[in-house]
Amino acid sequence: MMTDRHGDTGDLSANAQQTLRCIARQMIPASAEYGVPGADDPIIFTDILQSIDRDRALLQEALDIVDAMAGGSLVELPEAGQVKRLMEFRTARPDLAAAIEAAVARCYYRDDRVMASIGMEARPPFPIGYKVKEGDWSMLDPVRARGKIYRDTGLMEESS
Amino acid sequence: MWKNAMNEPVDVLIIGAGASGAAVAWSLAETRMRILCLEQGGWVKSSELPSTGRDWEARTMEDFAISPNRRGLAADYPVNDDDSPIKIANFNGVGGGTIFYAAHFPRLHPSDFCVRSLDGVADDWPIDYQTLEPFYALNDRMMGVSSLAGDPAYPPKDSLMRPIPLGRTGEVLGAAMNGLGWHWWPSDAAIVTQEYEGRAPCINLGQCGSGCAQGAKGSTDVTYWPEAIRSRIELRTRCRVSRIETNEEGMATGAFYFDADGREQFQSAEIVIMACNGIGTPRILLNSASERFPDGLANSSGLVGKNLMLHPYAQVRGHFDEPLDGYRGSPICTWSMEFYETDPSRDFVRGYSFQFSRGLGPVRTAINGMADGLLPWGDGHHAAFRRLFNHSAGMVSVCEDLPEETNRVTLDPDLKDADGIPAAKIHYRLSENSRRMLDHSIARGKDILKAAGARDITSRAPLPYAGWHLMGTARMGKDPERSVVNEWGRSHDVKNLFIVDGSVFVTSGGVNPTSTIQAVALYVADQIKKRIHNLFD
Ligand SMILES: Cc1cc2nc3c(=O)[nH]c(=O)nc-3n(C[C@H](O)[C@H](O)[C@H](O)COP(=O)(O)OP(=O)(O)OC[C@H]3O[C@@H](n4cnc5c(N)ncnc54)[C@H](O)[C@@H]3O)c2cc1C
Ligand code: SF4
């Protein structure tokens, strides 16, 4: 039910870190076409490890399961074996797979190189903000034309 | 700010500084009574809000997560929501839930106050739309509501300033609604679109859901509280109330609370006003059980904590070939009341509203895309991401949740907060009526998105992390056997105890509740002022 905010001290085990890095690469690989690093990029992966405070216990559990499903260690399987085992893991434990996805996505999609590639300025929203088109309120004319749609209760205030 | 020497008696003690606590405090200020508000959290610093940092999206899942269990910060109390498909969301601090709310600001409709008379279900409210109308209008002015006048889904109401932008999202979905002949309208939003009472206009940060660094969103820390404090009301933060004390006459004498250093204190008061929301309030009342009130305070009806209503949500989203507003702009832009009222040809009673929403930030796009199977792992990831990001729009349906006594808040026998106060436990099941309503809204939502030309349409129901409307757990009514407070918010049992938060809702309507919560708080304050000479009769 609840994450113990203060209970998860310490790092992921060394094995778990290796497995997580392997999964991050399988999830979001580098792409020359889009000019982006993979999620296993050293800067991004360090960010991931530093940002999993509330999820550490859950991730450790997930990564232990992945390794167990891989016969002891995911990283030691050949590429095709890794892909296959990870497919099986995602089918068997979508909840834990979602925790890994969230941990990876939170850091990958704030990396400057990735932001540039998806057309975002590398800045926080505040204080510049963004432009949004005002829109054309005359589109509401047909809605107005249809007239009142709220329900009468027989009370005075609705006789408008 | 007037400041009493610590714990000197006050005339009015308000517990909770959220949407309703702020409104009632401000309204009572003119009485010149000694008024103190105790709030378990602190003030939010706008410079620390997520939108000021590069890691803005990630922070909405950490210290600014909507679940108190996920945040687990000093201001938070845990809520055991294991026994509910809908998980609780709140914010604990000055402003309460308004710090996180989307500021989508619909009123209840006239019919919502008399569902028993109209549809033979639930109960009628003891007050009606007409009674609340002046308080809705006053609250709109205080919160700074932008809107477009003339919405045919409501009795006439004034517009203070132009609505939030439709954006390309509003236009695309609006065109689809026009094609279908269905009602839609720019949302009333507690977001200022121009300079207003010292607040700067919205600059489309898109971060309403984790606090507005611009101060454009009407959270009560920037609306009611500054004015109330200028009027000499004291707001004491980091003070968590554990229970209300009573005397031999069965009157409330004040409240025990834990201060910032964890020391237990007692604050005595002539009048106690509860404003801790639909979970926090019944929690304190149940924790205030005593020999005089063995089932909890104000609970002779047995209804404290019962009839919890959460508004089940369905979410339907689609993806478009043209780029839309994406993460820019207030997430919610328009609403529809097309399916709001009971229609005998449907297989459910009552109805729902739609809130139409813009796109998602890149992190949310990735997380949701992977969960929905639209965003693969591996080589196809990048191309698929670019088809989703900035190309999505959709809606949620806000379904009327009928009151059921089995949906309730109790005290958890084991779980406690950091001060050792028993935590709330939620017991909640979706009714068959709600399930049908959710299904109907998903089907109509898909119709709308298809008409708008969307592809890759996904849906979720009930939305799990959407227990943000907390209502019904200390309902108002004229009959002391069927309600906790009377028609002007005073406890039937304890004549100097009032409740002004979402707990007093008799029915939930199918719209977001905060404008009504605050209108009710202003109405109760007005009643207190009018009846001040015989308030306890
Ligand atoms: C993510 C999110 C989005 C939302 N979006 C919308 C929206 O668009 N439109 C809308 O109408 N509503 C929305 N809401 C709901 C809205 O925030 C609430 O309806 C509203 O804030 C409830 O007002 P309230 O006064 O009942 O309680 P709250 O605003 O929750 O205030 C209760 C206060 O009491 C304090 N408190 C509780 N227990 C104690 C205690 N023991 N001692 C001292 N203090 C205590 C809490 O810390 C809190 O500050 C949203 C909520 C969330 C979380
Ligand atoms: S969209 Fe407007 S109201 Fe929302 S956070 Fe941004 S500036 Fe504030």
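Here we summarise the structure given alongside this text. (Residues numbered from 1 in each chain as written. Chains lettered and ligands numbered in written order. Predicted model: local features only at pLDDT ≥ 70, side-chain atom pairs only at ≥ 80, totals over all residues. Heavy atoms only, no water.)

## Some remarks on the site of ligand 1
Residue and element names in this part refer to chain B.
Now for step 1: Neighbouring ligand 1 are 37 residues, the closest being Ser20, Glu39, His104, Val241 and Thr514.
Now for step 2: Interatomic distance of 2.8 Å between a backbone N/O atom of histidine 104 and a nitrogen atom of ligand 1.
Now for step 3: At a separation of 3.5 Å, a nitrogen atom of ligand 1 approaches a polar side-chain atom of asparagine 512.
Now for step 4: The protein chains hide 96% of the 990 Å² of surface that ligand 1 would expose on its own.
Now for step 5: For the shell around ligand 1, the elements supplying multiple residues, two or more each, are helix H1 (19-28), strand S6 (240-246), helix H8 (277-287) and helix H12 (514-530).
Now for step 6: Residues of the shell around ligand 1, tallied by class, amount to 18 nonpolar, 16 polar and three charged. (Near = heavy atom within 4 Å. Polar contact = N/O pair within 3.5 Å; in protein donor to acceptor, adjacent residues only side chain to side chain. Areas by Shrake-Rupley, 256 points an atom, 1.4 Å probe, with all protein chains shown as cover. Helix = DSSP H or I, 4+ residues; strand = E, 2+ residues; numbered from the N terminus. Nonpolar A, V, L, I, M, F, W, Y, C, P; charged D, E, K, R; others polar.)

## Some thoughts on the interface of chain B and chain A
Now for step 1: Listed by partner, the interface residues are 87 residues for chain B and 66 residues for chain A.
Now for step 2: For the chain B and chain A pair, buried surface summed over both sides reaches about 6,400 Å², with 63% attributable to carbon and sulfur atoms.
Now for step 3: Of all residues in chain B, the largest losses of buried area upon contact with chain A belong to Arg54(B), Trp377(B) and His382(B), amounting jointly to 14% of the total for that side.
Now for step 4: The tally of links between chain B and chain A comes to ten salt bridges.
Now for step 5: The partner of Glu62(B) in a salt bridge is Arg106(A), with the nearest N and O atoms 3.5 Å apart.
Now for step 6: Put simply, chain B and chain A have 27 residue pairs in polar contact (both at pLDDT 80 or more) between them.
Now for step 7: Along the lines of polarity and charge, the residues of the side of chain B that touches chain A split into 43 nonpolar, 23 polar and 21 charged. (Contact = heavy atoms within 4.5 Å. Buried area = accessible area lost by both parts, 1.4 Å probe. Salt bridge = Lys/Arg side-chain N within 4 Å of Asp/Glu carboxyl O.)

## Some words on the sheet that holds strand S11 (residues 352-357) of chain B
All names here are of chain B.
Now for step 1: In space, the six strands of this open sheet follow the order S4-S10-S11-S12-S9-S15, with antiparallel pairing throughout. For this open sheet the edge positions go to strand S4 (185-186) and strand S15 (455-460), each flanked by a neighbour on one side alone.
Now for step 2: Inspection of the sheet shows strand S9 (residues 313-319) paired to S15 by four bridges, in the antiparallel sense. Its bridge partner lying in S15, arginine 317 is registered against threonine 458.
Now for step 3: With respect to the sheet, helix H11 (residues 432-451) is in contact with S9, S11, strand S12 (392-399) and S15, its orientation differing from that of S9 by roughly 20°. (Pairing = 2+ DSSP bridges. Axes fitted to C-alpha atoms, helices over the stretch in contact; angles between N-to-C directions.)

## Re the packing of aromatic side chains
Residue and element names in this part refer to chain B.
Now for step 1: What the rule picks out here adds up to 23 aromatic pairs over all chains.
Now for step 2: Here tyrosine 154 and tryptophan 335 contribute two aromatic rings whose centre-to-centre distance is 5.9 Å and whose plane-to-plane angle is 50°, an arrangement assigned as tilted. With tyrosine 154 in the loop between helix H5 (129-143) and helix H6 (167-180) and tryptophan 335 in strand S10 (residues 332-336), the pair connects residues that are 181 residues apart, well separated along the chain. You'll find tyrosine 154 and tryptophan 335 in the same group, each marked buried.
Now for step 3: Against the face of phenylalanine 256 rests arginine 243, its NZ or CZ located 4.1 Å from the ring centre.
Now for step 4: Positioned above the aromatic ring of tyrosine 327 is the side chain of arginine 328, whose terminal nitrogen or guanidinium carbon lies 4.5 Å from the ring centre. (Phe/Tyr/Trp six-rings, centres within 6.5 Å; stacked < 30°, edge-to-face > 60°. Buried < 20%, exposed > 50% of the residue type's maximum accessible area, 1.4 Å probe, protein only. Lys NZ or Arg CZ within 6 Å of the ring centre and 35° of its normal.)

## Points about the nonpolar core
Now for step 1: If you look at the biggest cluster of nonpolar residues, it comprises 140 residues, and the most contacted ones within it are Ile14(B), Ile15(B), Trp125(B), Trp225(B), Ile244(B), Ile273(B) and Phe320(B).
Now for step 2: Broken down by element, the residue count for this core peaks at nine residues, all from H12(B).
Now for step 3: Not counting residues within four places of it along the chain, the set of residues in contact with Ile14(B) comprises Gly21(B), Val24(B), Ala25(B), Ile35(B), Leu36(B), Cys37(B), Leu38(B), Ile273(B) and Ala275(B).
Now for step 4: Core analysis: the next-biggest nonpolar cluster, separate from the first, contains 52 residues, Ala24(A), Ile28(A), Leu63(A) and Val66(A) among them. (Core = buried A, V, L, I, M, F, W, Y, C linked by side-chain atoms within 4.5 Å.)

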